[in-house]
Amino acid sequence: MPYIAVTALSHVGLVREHNEDSLVIGPWTLCGTVTQNPQTLVFPFGRPLVVAVADGLGGQPAGEVASELVVRQLSSIGSTLDSAEAVGDALSMCNRAVYSATEGRPELATMGTTVAGALVLADSLLMFNVGDSKVFHAGQDGLRQVSVDDSPPPTPGHRTTSAVTQVLGGTRGYNEITPHIEAFPVAEGDRYLVCSDGLTDPVPTEEIEGLLRIHDDGRAAFELWRAAIDAGGPDNITLALLRIGA
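This structure is a prediction, so every number in the text was calculated from the model and none was measured.

Undergrad: Could you give me a rundown of the sheet that holds strand 2 (residues 21–25), with the residues and numbers involved?
TA: Read from one edge of the open sheet, 6 strands run 3-2-5-7-8-12, paired in antiparallel fashion. In this open sheet, the two strands that pair with only one neighbour each are strand 3 (28–31) and strand 12 (180–184). The average angle at which neighbouring strand axes cross in this sheet is 10°, direction not considered. Across 5 bridges, the pairing between strand 2 and strand 5 (residues 49–55) is antiparallel. Residue Asp-21 lies in a different strand from strand 5, and its bridge partner there is Asp-55. Contacts from helix 1 (residues 63–77) reach strand 2, strand 3, strand 5 and strand 7 (115–120), with the element oriented near 5° to strand 2. Here helix 2 (residues 84–101) sits on the sheet and contacts strand 7, strand 8 (125–130) and strand 12; the angle it forms with strand 8, its principal contact strand, is near 25°.

Printed below as a string of structure tokens:
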């Protein structure tokens, strides 16, 4: 019987004082905490399954509150999502929820979060993102980013940028979002990586691709985390590896 294996890990890194990343895998959430080892969950194929990472907006208050709110929303409605339109509506609902949570609470004003993930259906996989957290497809032709970064081009001489042009929440006044959503076919052996920029900023794509070529599931998650730590661990590191098995 086909199945979906999802291996996840979340770590504060070596520089930040606390973890502002959150993670959702179906009904399971991990918010603002640290996993000492990669954890693998297995689900039957054919039922809607949401896998997503939310990265609280740095430099602004309560990023961990915003990211937790979003993944808990997605966890509660994920099993009902069945189309790109439904995903878009869910992300807009999450955006409104982040803004609503700040009402009457000035300490939460301007809190925001990115989100990136996948909804696995019986006949397709729907990639979605808002912000600069990423989704990659790891196939026989290599590693390919399928999410769309909401960020300006890096300045000359730099590989990455910390600026973002669109997040959930993040401003005092309400702003609508335009999520990036794209459908892909699903087949046995497909693998996707969903991650915060705590992995992709310090670790070049070529190195991530090489590690995924050699390793799978728990070992792959561990080696990706170790690569980010070896590169200085400048930010929170959260990742989920999704694999379609049979």
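Back to the text.
Undergrad: Summarise the pattern of salt bridges; cite the residues concerned and give the values.
TA: Using the criterion set out here, one finds 10 salt bridges in the structure. Here Arg-213 makes a salt bridge to Glu-209, at a shortest N to O gap of 3.1 Å. In this pair, Arg-213 and Glu-209 are both assigned in helix 4 (residues 205–214), 4 residues apart and thus about one turn of the helix distant. The exposed category is assigned to Arg-213, whose relative accessible area is 61%. With relative accessibility at 23%, the residue Glu-209 sits in the partly exposed group. A salt bridge links Glu-223 to Arg-226; the shortest N-O distance between them is 2.9 Å.

Undergrad: Give me the packing of helix 1 against helix 2: which residues, what numbers.
TA: The interhelical angle for the contact between helix 1 and helix 2, taken along N-to-C directions, is 140°, at an axis separation of 10 Å. Accordingly, the angle class assigned to the pair helix 1 and helix 2 is oblique. Two packed elements cross with a definite hand, and for helix 1 against helix 2 that hand is right-handed. Between helix 1 and helix 2, the contacting residues are Ala-66, Leu-69, Val-70, Gln-73, Leu-74 and Ile-77 on the first element and Ala-90, Met-93, Cys-94, Ala-97, Val-98 and Ala-101 on the second.

Undergrad: Kindly report on the packing of helix 4 against helix 5 (residues 217–230), identifying the contributing residues and their values.
TA: Direction vectors running N to C along helix 4 and helix 5 enclose 155°, while the axes themselves pass 9 Å from each other. By the criterion of interaxial angle, the relationship of helix 4 to helix 5 is roughly antiparallel. Taken as a pair, helix 4 and helix 5 cross one another with a handedness that is right-handed. Along the contact surface, helix 4 presents Glu-207, Ile-208, Leu-211 and Leu-212, while helix 5 presents Ala-220, Glu-223, Leu-224 and Ala-227. Looking at the contact of helix 4 with helix 5 residue by residue, the class counts come to 6 nonpolar, no polar and 2 charged.

Undergrad: Break down the packing of aromatic side chains for me, with residues and values.
TA: With the rule as written, the count across this model stands at 3 aromatic pairs. Summarising the aromatic geometry, the rings of Phe-184 and Tyr-192 are spaced 6.5 Å apart at their centres and angled 55° between planes, so their arrangement reads as tilted. Owing to a relative accessible area of 10%, Phe-184 belongs among the buried residues under this scheme. Take Tyr-192: its relative accessible area is 3%, and that puts it in the buried class. Measuring from ring centre to ring centre gives 5.6 Å for Phe-222 and Trp-225, while their planes differ by 45°; the resulting arrangement is tilted. With a gap of 3 residues between them, Phe-222 and Trp-225 both fall in helix 5, about one helical turn apart. Taking relative accessible area as the criterion, Trp-225 reaches 18% and is therefore assigned buried.

The rules we used
Numbers given for residues are sequential positions, taken from 1 along each chain in its written order. Reporting of local features is limited, given that this is a predicted model, to residues whose pLDDT is at least 70; pairs of side-chain atoms are given and counted only at 80 or more, and all residues count toward the totals for whole chains, interfaces and linings. The basis for every side-chain value is the complete set of non-hydrogen atoms in the structure, without hydrogens or water. Two strands form a pair only when DSSP identifies at least two bridges running between them. Strands are runs of DSSP state E lasting at least two residues, helices are runs of H or I lasting at least four, and both sets are numbered from the N terminus onward. To obtain each axis, a line is fitted to C-alpha atoms, and for helices this fit is confined to the stretch in contact; angles are then taken between N-to-C directions over 0 to 180 degrees. Contacts were defined at the residue level, with two residues in contact if any of their heavy atoms lie within 4.5 Å. Salt bridge, as applied in this entry: a Lys or Arg side-chain nitrogen positioned within 4 Å of an Asp or Glu carboxyl oxygen. When a residue's accessible area, from a 1.4 Å probe over protein chains only, is under 20% of the maximum for its type it is buried; when over 50% it is exposed; and in between it is partly exposed. Note that the term roughly parallel is reserved for angles under 35 degrees, roughly antiparallel for angles over 145, roughly perpendicular for angles of 65 to 115, and oblique for everything else. Each crossing gets its hand from how the near helix is turned against the far one by less than a right angle, where anticlockwise is left-handed and clockwise is right-handed. Under the scheme applied here, ten amino acids are nonpolar (Ala, Val, Leu, Ile, Met, Phe, Trp, Tyr, Cys and Pro), four are charged (Asp, Glu, Lys and Arg), and all others, including Gly, are polar. Under the pairing criterion, centres of Phe, Tyr and Trp rings, with the six-membered ring standing for Trp, must be within 6.5 Å; the plane angle then separates stacked pairs below 30 degrees from edge-to-face pairs above 60, leaving the rest tilted.

Function-wise, these values are silent; they only describe arrangement.
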